[in-house]
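# Understanding the architecture of this molecule
These are the residues of each chain, in order.
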Amino acid sequence: MRGIRIVAALISIACFPLFSHAADLQFTSSTQYLWYQDLLDTLDKDEVAQYLRVNVGKLDKEGKLNLYGYGRVTKQMSPGDDWRGRLYYIYFEYRDAFNNHLDLRAGRNYVNTTAISGTIDGIYLNAKNLGPVGITAFGGRHVIFDEKQEIGNGEDTLAGASVYVDTVKYTHIELSYGNRYNNGDLARENIGFNISTTPHQMINIYGRFRYDTVADTNSELLVGAKLVPVKKLTLRGEFYNFKPTFDKDSFFNFFGVNNYKEISVDAEYLLTANYRVHAKYANEDFSDDATGDLYQVGVLARPIDELTLNVDYEKRNGFAGQLSGIRFNGEFRIRKAAILAGIDYDDFRREASRQGNAKKYWAAVHYSITKQLRAIVRVEDNKNFNFNNSYQGFAAVNFNL
Amino acid sequence: MSKNMTLKIILLSTVFLISIACLSFARTNHRDYRDSKLGEDCLDCHVGSGVMNNHGPFFAREHSVLAQKAGNNCADCHEQSYCLDCHNGGNIDTDARRSLSRRGEAMPSTHRSHFISIHPIKAADDPQSCFRCHESKFCSDCHLQKIAVNRSGMSIKPHSPIFVAPSVLDPSWTAGHAADARRNLQSCQGCHPEKANCTNFLCHPNLGGR
């Protein structure tokens, strides 16, 4: 029943413009048939899914009021399975109110700050252009999606605020606060700080810091610099420090934990408009002499306009295990169609545990029937520790208005 | 440096920068470019403009820094569905190139082939990254079901307590257990989400919490 209510709500939104003045309507529908093997009982499963996304713009004469909605319903084809629904968001947005000084979102929407992030049934305000300063505030019921349903109740809340400054050109500084309550009890309370500045056209420096007031500890620190010495080369170095923290009522709070530290460097070079190479190295430190090294290299190539090839190699040694894996995929476009395919191969050694390799082969075809209507089929075969062959895939019809 | 001192420095820095408020700058609306191909075209504006080019091969990691800024311009090109298809599981745009869950939901590229086998390794690369999309319940839901069906099939590093005499733990096991827990306590939640799951052998009798 919940799934049907979600569909009805989104269809109602789509009809909304009929009763107002000339609003802009964008409507996306994806009807999918999926098949896969269940991990636990290894039985074949069939499922249907209907996704709907509706954007209604310019609901008022000034064109500042918009409405956005996105949800899906799914049902396993096996008898006795009920429809499952997921309403990702549905909110009104009013932009640039009070002479371009306020943006407002009301309804179910996703909020994101350094201090805290999540989906809320509530309000988000952004008071902006107050000189160089802006203020955000948000709060509402915290929406938590389980596999089958939404969980939580009215006493699960998420709220926060931030003050930010866009001061010296290309500099953003923001101080944020956020809390989360579970069943009416404080679970998390964080203070966040983030900064990004480009003092010279060749260098960008950024950072993020989060302090957990419940655990009374610095839980996250990121400091990075991005350098563009020549037009087609981007270099980056980062230091990241993280200390796990837990909900206030969790018994895990009573244990001591180590910091995780990571130093990484990466580079991206655009050889020509159609060839790009990239590489990364990260040194991971889990304390108590436990470390890890991560290496990544990759190439993106478009040898002809219609063909895109992408290959990535990753190697990891150290704490938790070893991994050596390659991913290769390509896309070839022919008029209204595109053929895509890829192979993933991973060889792994988990610490004092499972080892072996895993392979994934997939292929897909996109076909544009009309400008608004598109069909997609994707199939995938997995060979791994659990399955000799595990097939999964979907066939979808997408409609865009 | 004490924690109080750190907080004071942050607050004073913020106040100082507000006080030197200078020019706020005009932002380019990217809606005109939303259908453009990412690549060299971006460099026409983004080299020497003061705003670095992004959306490169490491954008999965980089994007959080940009998306957490209030007043960011992500919405010029992306709807919230673009975020939530990864963060909350969905795939309305049916992007076939993405890593997909069994039920066709988009996942970040870190979810390589048979992620169930390799997730203990990948989760070690930035342990916080799992919790940006998953509640801890996501781990325990699957682990507890798997334990109920086939405990030995979990192939987890052996960590049951070893006793050298009744009620006397092997000191080397205790040391290893403590070191593992300190390094990776979040992963313990996967099978032991509640105190009762962990203290049934009464090693930690006086812990508070749930």
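Residues numbered from 1 in each chain as written. Chains lettered and ligands numbered in written order. Predicted model: local features only at pLDDT ≥ 70, side-chain atom pairs only at ≥ 80, totals over all residues. Heavy atoms only, no water.

Counting its secondary structure elements, chain A contains two helices and 23 strands. If one aligns the C-alpha atoms of chain A with their principal axes, the spans along those axes are about 60 × 50 × 50 Å. Among the 401 residues that make up chain A, the fraction classed as buried is 48%. Look at the contacts in chain A between residues 6 or more apart in sequence, and 38% of them connect residues 24 or more apart. (Helix = DSSP H or I, 4+ residues; strand = E, 2+ residues; numbered from the N terminus. Buried < 20%, exposed > 50% of the residue type's maximum accessible area, 1.4 Å probe, protein only. Contact = heavy atoms within 4.5 Å.)

With that settled, the discussion passes to helix α6 (residues 136-150) of chain B. Residues and elements named next belong to chain B. If you check α6, its first and last C-alpha atoms are 21 Å apart, about what 15 residues at 1.5 Å a residue would give, namely 21 Å. Listed in full, the buried residues belonging to α6 are Ser 140, His 143 and Lys 146. Each buried residue of α6 sits inside an arc of 140° when the element is viewed along its axis, so together they form one side. Those residues of α6 that are exposed and angled more than 90 degrees off the buried face are Ala 148 and Val 149. (Expected span 1.5 Å × (residues − 1). Arc of directions from axis to C-beta.)

A few words on the pattern of salt bridges. In a structure, side chains of opposite charge can pair up when their charged atoms sit close to one another. Applying the stated criterion across every chain yields a total of 42 salt bridges over all chains. Where Arg 188 of chain A meets Asp 247 of chain A, a salt bridge forms, and the shortest distance between an N and an O atom there is 2.9 Å. Taken together, the residues Arg 188 of chain A in strand β11 (residues 185-200) and Asp 247 of chain A in the loop between β14 (233-242) and β15 (260-272) connect sequence positions 59 residues apart. Across this residue pair, the class does not change: Arg 188 of chain A and Asp 247 of chain A are buried. A salt bridge links Arg 61 of chain B to Glu 238 of chain A, with the nearest nitrogen and oxygen atoms 3.4 Å apart. Of the two residues, Arg 61 of chain B is situated in helix α3 (residues 59-67) and Glu 238 of chain A in strand β14; the pairing between them involves two chains. Of the residues examined, Arg 61 of chain B reaches a relative accessible area of 27% and is grouped as partly exposed. Residue Glu 238 of chain A is classed as buried on the basis of its relative accessible area, which comes to 10%. Sharing partners across several salt bridges, the network here consists of Glu 284, Glu 314, Arg 316 and Asp 346 of chain A together with Arg 112, Lys 122 and Asp 125 of chain B. (Salt bridge = Lys/Arg side-chain N within 4 Å of Asp/Glu carboxyl O.)

With that out of the way, let us pick up a nonpolar patch on the surface. All names here are of chain A. Taken together, Ile 304, Phe 332, Ile 334, Ile 339 and Val 365 make up a surface patch of nonpolar side chains, about 390 Å² in accessible area. Structurally, Ile 339 can be placed in strand β20 (residues 337-350). The class of Ile 339 is partly exposed, set by a relative accessible area of 41%. (Patch = residues over 30% accessible without salt bridge, like charges linked within 9 Å, V, L, I, M, F, W, Y side chains within 5 Å. Areas by Shrake-Rupley, 256 points an atom, 1.4 Å probe, with all protein chains shown as cover.)

It is worth spelling out the side chain of Asp 212 of chain A at this point. All names here are of chain A. Tracing the sequence through the fold places Asp 212 in strand β12 (residues 203-212). A relative accessible area of 1% means that Asp 212 is categorised as buried. From its side chain, Asp 212 meets the backbone nitrogen of Ala 215 in a polar contact 3.0 Å long. In this structure, Asp 212 is in contact with Arg 188, Glu 189, Asn 190, Thr 217, Ser 219 and Thr 245, ignoring residues within four places of it in sequence. (Polar contact = N/O pair within 3.5 Å; in protein donor to acceptor, adjacent residues only side chain to side chain.)

Here the focus is unusual backbone geometry. Residue and element names in this part refer to chain A. The phi dihedral of Asn 99 falls on the positive side, at around 55°, and the residue is not glycine. For Asn 99, the position within the fold is in helix α2 (residues 97-100). In this structure Asn 99 comes out as exposed when scored by relative accessible area, which is 71%.

Below, the discussion takes up the environment of Thr 74 of chain A. In this fold, Thr 74 of chain A is placed in strand β3 (residues 65-76). When the C-alpha atoms of Thr 74 of chain A and Gln 392 of chain A are compared, they prove to be 16 Å apart, with 318 residues separating the residues in sequence. Setting aside chain neighbours within four positions, we find Thr 74 of chain A in contact with Glu 47, Val 48, Ala 49, Asp 82, Trp 83 and Arg 84 of chain A together with Arg 103 of chain B.

It is worth spelling out the interface of chain B and chain A at this point. In this assembly, 110 residues from chain B lie in contact with 152 residues from chain A. When chain B packs against chain A, close to 11,200 Å² is buried across both sides, 57% of that on carbon and sulfur atoms. Contact with chain A buries area across many residues of chain B, yet Met 52, Arg 102 and Arg 103 of chain B alone supply 8% of it, more than any other trio. Between the two partners, chain B and chain A, sit 16 salt bridges. Between the two partners, chain B and chain A, sit 47 residue pairs in polar contact (both at pLDDT 80 or more). Among the elements that line the side of chain B that touches chain A, the one with the most residues is helix α1 (residues 3-19) of chain B, at eight residues. The residue makeup of the side of chain B that touches chain A, split by class, is 40 nonpolar, 38 polar and 32 charged. (Buried area = accessible area lost by both parts, 1.4 Å probe. Nonpolar A, V, L, I, M, F, W, Y, C, P; charged D, E, K, R; others polar.)

With that settled, consider the domain arrangement of chain A. Residues and elements named next belong to chain A. On domain assignment, one finds that chain A holds domain 1 (1-90) and domain 2 (280-401). A separation of 28 Å is found between the C-alpha centroids of domain 1 and domain 2. Residue-level contacts link 16 residues of domain 1 with 16 residues of domain 2. Each partner contributes to the roughly 1,200 Å² buried at the junction of domain 1 and domain 2, and carbon and sulfur atoms together form 52% of this total. Looking only at domain 1, the three residues that lose the most surface to domain 2 are Phe 27, Trp 35 and Gln 37, adding up to 43% of its buried area. If you look at where domain 1 meets domain 2, you find zero salt bridges. Run the count over domain 1 and domain 2 and you get eight residue pairs in polar contact (both at pLDDT 80 or more). (Domains from an automatic or database assignment.)

Residue and element names in this part refer to chain A. Evaluation of the coordinates by the stated rule reveals 18 aromatic pairs over all chains. Judged by centre distance (4.4 Å) and plane angle (15°), the ring pair of Tyr 70 and Tyr 88 falls under stacked. Of the two residues, Tyr 70 is situated in strand β3 and Tyr 88 in strand β4 (residues 84-96); the sequence distance between them amounts to 18 residues. One aromatic cluster in this structure is built from Tyr 51, Tyr 68, Tyr 70, Tyr 88, Tyr 89, Tyr 91 and Phe 145. (Phe/Tyr/Trp six-rings, centres within 6.5 Å; stacked < 30°, edge-to-face > 60°.)

This paragraph deals with the nonpolar core. In this structure, Tyr 51, Tyr 70, Tyr 88, Tyr 89 and Phe 394 of chain A together with Leu 84 of chain B are the most contacted members of the largest nonpolar core, which totals 16 residues. When contributions to this core are tallied by element, the ones reaching two or more residues are β2 (44-57), β3, β4 and β23 (390-400) of chain A. Both domain 1 (1-90) and domain 2 (280-401) of chain A contribute no fewer than three residues apiece to this core. Of all hydrophobic cores here, the second largest spans 11 residues; its members include Tyr 240, Phe 242 and Tyr 260 of chain A together with Val 65 of chain B. (Core = buried A, V, L, I, M, F, W, Y, C linked by side-chain atoms within 4.5 Å.)

With that out of the way, let us pick up the state of the cysteines. All names here are of chain B. Overall, the coordinates contain zero disulfides over all chains when judged by the stated rule. Residue Cys 74 stays outside any disulfide, its sulfur separated by 6.7 Å from that of Cys 83, the closest cysteine. Left without a disulfide partner, Cys 191 is nearest to the cysteine sulfur of Cys 188, which lies 9.2 Å away. Residue classification places Cys 191 among the buried positions, given a relative accessible area of 16%. (Disulfide = S-S within 2.5 Å.)

Note that Ala 23 of chain A resides in the loop between α1 (2-15) and β1 (24-37). Separated by 250 residues in sequence, Ala 23 of chain A and Ala 273 of chain A have C-alpha atoms that sit 39 Å apart.

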